[in-house]
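Commentary on secondary and tertiary structure
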Amino acid sequence: MSKSFTRVKTIAKKEIVEFVRDWRTIVAIIVIPLLMFPVLFIVFPILLESEAAELDSLTVLVEIQGQEIPESLILEFNNTSIIIEQVNMTFNQSLSIPGEDVDRVRNMEVDAVLRIESREDIWYYSIIYLSTSESSTEARSRTIDSLIRWENGLTEARIIEGGLEPETTLDPLRWDGDNRSADVATVGEQAGLILSLFIPLVLSVWTFSSAIQPSIDMTAGERERGTLEALLSLPCTRGELLLGKWLGVASITGVGVLLQIMGLLFAIGYLASSDFIGVPELSATATLLIVISIMLFAIMIVALELALAMRSHSVKEAGSILAPAIILIIFPALFTQVINLDGIESFWFAIPVVNVLLALRELLLDRVIFEHVLIWSMTSLFYATMAAYYATKQFNREDIVTTLS
Amino acid sequence: MSESLLQISGVHKEFGDVKALNGVSFEIRSGEVVGLVGSNGAGKTTLLRLMSGVYRPTRGDITLSNGTPVHKMRDSLGVVPESTGLYSRLTAWENIRYHSRLYGIDDEVSWARTVKFAESLDMEDNLSRYTKGFSRGMRQKTALLRALAHGPKVLLLDEPTAGLDITSARTVRALVNQLKDEGGTVVYSTHQLFEAQQVCDRIIVIHNGVLKANGSPSELMSQTGCNSLEEAYVNLTQEKARMRFEDAKEDNGISKWWNKLFRPKTPIIQVLSGGDEDE
């Protein structure tokens, strides 16, 4: 083993050991990435379901105001968990103007007020409610459901009165069979499409954000703590130092991203068992290219972050540069979500950050287009080299031993 | 006369417009303890960084006896910077081992040397402890052990007793004397004259980046016609001391504009006292 390689390995190993000895790091790079997607996709829906069930069991009070309220409408309400109070009254202005009911609804004396009035053959209505109150919103929603059912009955009755068949009149165009079977995309491809909408986003944002802390700690942090001077007086070159630190940051970031993907796959597996989403079908080539694209992206990002952090005189300065720089990832990531991949122009695959994100989207759909692969791999390699060159330049600066503290 | 180990020839160091060192020349001979004495901002740390290969001279050379530039032979040097530079999440021994491995020294060899000097510094029991809770003295001792573990030819110490309590400072000085007795070569930067007189065979006085004197304490006194080293030093350094070059460096670009905008224009004492000092 060459001396240079041994030194790089020693630096990387020390960086990792020192970094993981901080429990906060363990939480940041292991616990959070591992739990993020399962919490988002499994626990969060369960919580939502339980909240919805709680809301379903709620009994709401609705006051129905109007003259000659149809019995059939009252019957619709009687079949729900709505308690109704009828008030016989007429209206001399628009039904939507709350008037004196403002305070009654705001003070929760009633959850909602339904006003209904017949003018010639048309029924007019409005629902006075408080949108910031869950029970009031629920009362409105249930009232609307009841009104729709009642309206359907009314419509059917009027169609029959006119001598027509309600079913053929209201539904003259129908899908034949199961509409899912008409999609020629396989379940795996459909899953790939769904995943391609957020995996590139997650990977890029997480790679960038999880590299921030170790990058700063290993550069500006060392500078601030005064450990860099002792290190620079050692026989290792600055190139070895950069490579060792890069390996350290890349390993920590890699673990974080890997764990996050594992969490994501676990969540997908869970959802797949409930027929929500399938498992994406990826060829070996697409899988390999996904790994290569992520690696090239990580090389570029980590080198860039190390360089920017090394330029900074303090941890604070490095943080104030790197934290907002995440916008440089988020914006392209969101932008690439809306780019249509069918017939996409090749130049998109040459734009930094966008190229890798598009490559990931395409590969997750199992589309391996040689021209695109060539462009994104070459440009990514170029950007990664440029970032590494920039980082080398920063590490070769003499003033990296001086601090502001 | 003992052999020359390190030669500093016409060394200039500039940081932009700031001239940190101006044509400094001297040599370090084997087995001697050389004191670098000067006020804050004199250029001692810059010179030590040049000698350790962290900085490169703007002009001039710093070479080892075989003519090799010092930055290519850094394994001949042991360096203790002023900040000590210890990693708080590593133990004392892990800090030492990390540097030794980067010097290419086997763990067994560096451990044996560490234990030997740790006894002198009363640090044996602290080697397996994390350095996070270490006192300034313990940190300094650990940094010394780290610099000695690979058996350097020259040891460069930047103000090794600064901020240390009396006992720790004595222990550090005792170690330097021990090294001298064993034939070691040490460059010892300090701004305390009594310490330089106690420890060093030869004193180099640097002031505002210029070498003002180079000789034994008695030579400096006779050179200046003074009865004490302190008087000799004052005599040699009458010119007003400048700022450290880091402080003297001007901001540029946005920082300059920003600082100009927010720099307080009135001394804070005036603000607090109502703005009129004459009253």
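We now turn to the structure provided with this report. Here the structure is a predicted model, which is why all the values come from computation and not from measurement.

Overview of the overall build of chain A
- When its secondary structure is counted, chain A shows 15 helices and four strands.
- A compact globule built from 405 residues should have a C-alpha radius of gyration of about 22 Å, whereas chain A, at 31 Å, is more than 25% larger.
- Principal-axis analysis of the C-alpha atoms gives chain A an extent of 95 × 50 × 35 Å.
- Of all 405 residues assigned to chain A, the portion counted as buried reaches 36%.

Topic: the interface of chain A and chain B
- At the interface, 19 residues of chain A touch 23 residues of chain B.
- Residue contributions to the side of chain A that touches chain B peak at five residues, all from helix H1 (residues 3-20) of chain A.

A look at the sheet that holds strand S1 (residues 60-66) of chain A
All names here are of chain A.
- The sheet built from four strands is open, its strands ordered S2-S1-S3-S4 with mixed pairing. Looking at strand neighbours, the two that pair on one side only are strand S2 (82-88) and strand S4 (122-128), the edges of this open sheet. If you compare each strand with its neighbour and ignore which way they point, the axes differ by 20° on average.
- Here strand S3 (residues 112-119) runs beside S4; their pairing, made up of seven bridges, is antiparallel. Residue pairing for S4: Glu-117 is matched across the bridge by Tyr-124.

Looking at the pairing of strand S3 (residues 33-37) of chain B
Residues and elements named next belong to chain B.
- Most of S3 is tucked away, with five of its five residues classed as buried.
- Burial along S3 is two-sided: the face carrying Val-33, Gly-35 and Val-37 and the face carrying Val-34 and Leu-36 are both buried.
- Sheet analysis places S3 next to strand S7 (residues 185-190), joined by five bridges and oriented parallel. Following the sheet pairing, Gly-35 is matched in S7 by Tyr-188.
- Both S3 and strand S8 (residues 202-207) contribute to a ladder of four bridges, which runs parallel.

Remarks on helix H1 (residues 44-51) of chain B
Residues and elements named next belong to chain B.
- Where burial is concerned, most of H1 is hidden: eight out of the eight residues are buried.
- Here H1 has its buried residues at Lys-44, Thr-45, Thr-46, Leu-47, Leu-48, Arg-49, Leu-50 and Met-51.
- Following H1 by one or two positions, Gly-53 adopts a phi angle in the positive range, close to 85°.

Considering the nonpolar core
- Among the nonpolar cores identified, the biggest contains 138 residues, and Ala-303 and Leu-306 of chain A together with Val-187 and Tyr-188 of chain B are the most heavily contacted of them.
- Discounting chain neighbours no more than four positions away, the residues touching Val-187 of chain B are Ile-28, Val-34, Leu-36, Leu-48, Met-51, Val-154, Leu-156 and Leu-157 of chain B.
- Core analysis: the next-biggest nonpolar cluster, separate from the first, contains 16 residues, Val-62, Ile-82, Ile-127 and Ile-128 of chain A among them.

Some details on the sheet that holds S8 of chain B
Residues and elements named next belong to chain B.
- Spatial ordering of the open sheet is given by S5-S6-S7-S3-S8-S9, a layout of six strands whose pairing is mixed. At either end of the open sheet lies a strand with only one pairing partner, and these are strand S5 (77-80) and strand S9 (210-215). For this sheet, the mean angle separating the axes of adjacent strands, direction not counted, is 15°.

A word on the environment of Ala-211 of chain A
- Note that Ala-211 of chain A resides in helix H7 (residues 187-218).
- Through-space distance from the C-alpha of Ala-211 of chain A to that of Glu-63 of chain A is 58 Å; in sequence the pair is 148 residues apart.

Digging into the environment of Phe-77 of chain A
Residue and element names in this part refer to chain A.
- With respect to the secondary-structure elements, Phe-77 resides in helix H3 (residues 71-78).
- Judged by the 22 C-beta atoms lying within 10 Å of it, Phe-77 is buried.
- C-alpha separation for the pair Phe-77 and Cys-236, spaced 159 residues apart in sequence, amounts to 81 Å.
- In contact with Phe-77, not counting residues within four places along its chain, are Ile-82, Ile-84 and Ser-146.

What counts, and where the lines are drawn
- Residues numbered from 1 in each chain as written.
- Chains lettered and ligands numbered in written order.
- Predicted model: local features only at pLDDT ≥ 70, side-chain atom pairs only at ≥ 80, totals over all residues.
- Helix = DSSP H or I, 4+ residues; strand = E, 2+ residues; numbered from the N terminus.
- Rg over C-alpha atoms; globule rule 2.2 N^0.38 Å.
- Buried ≥ 20, exposed ≤ 12 C-beta atoms within 10 Å, placed from the backbone.
- Contact = placed C-beta atoms within 7 Å.
- Pairing = 2+ DSSP bridges.
- Axes fitted to C-alpha atoms, helices over the stretch in contact; angles between N-to-C directions.
- Core = buried A, V, L, I, M, F, W, Y, C linked by C-beta atoms within 7 Å.

Geometry only, nothing functional implied.
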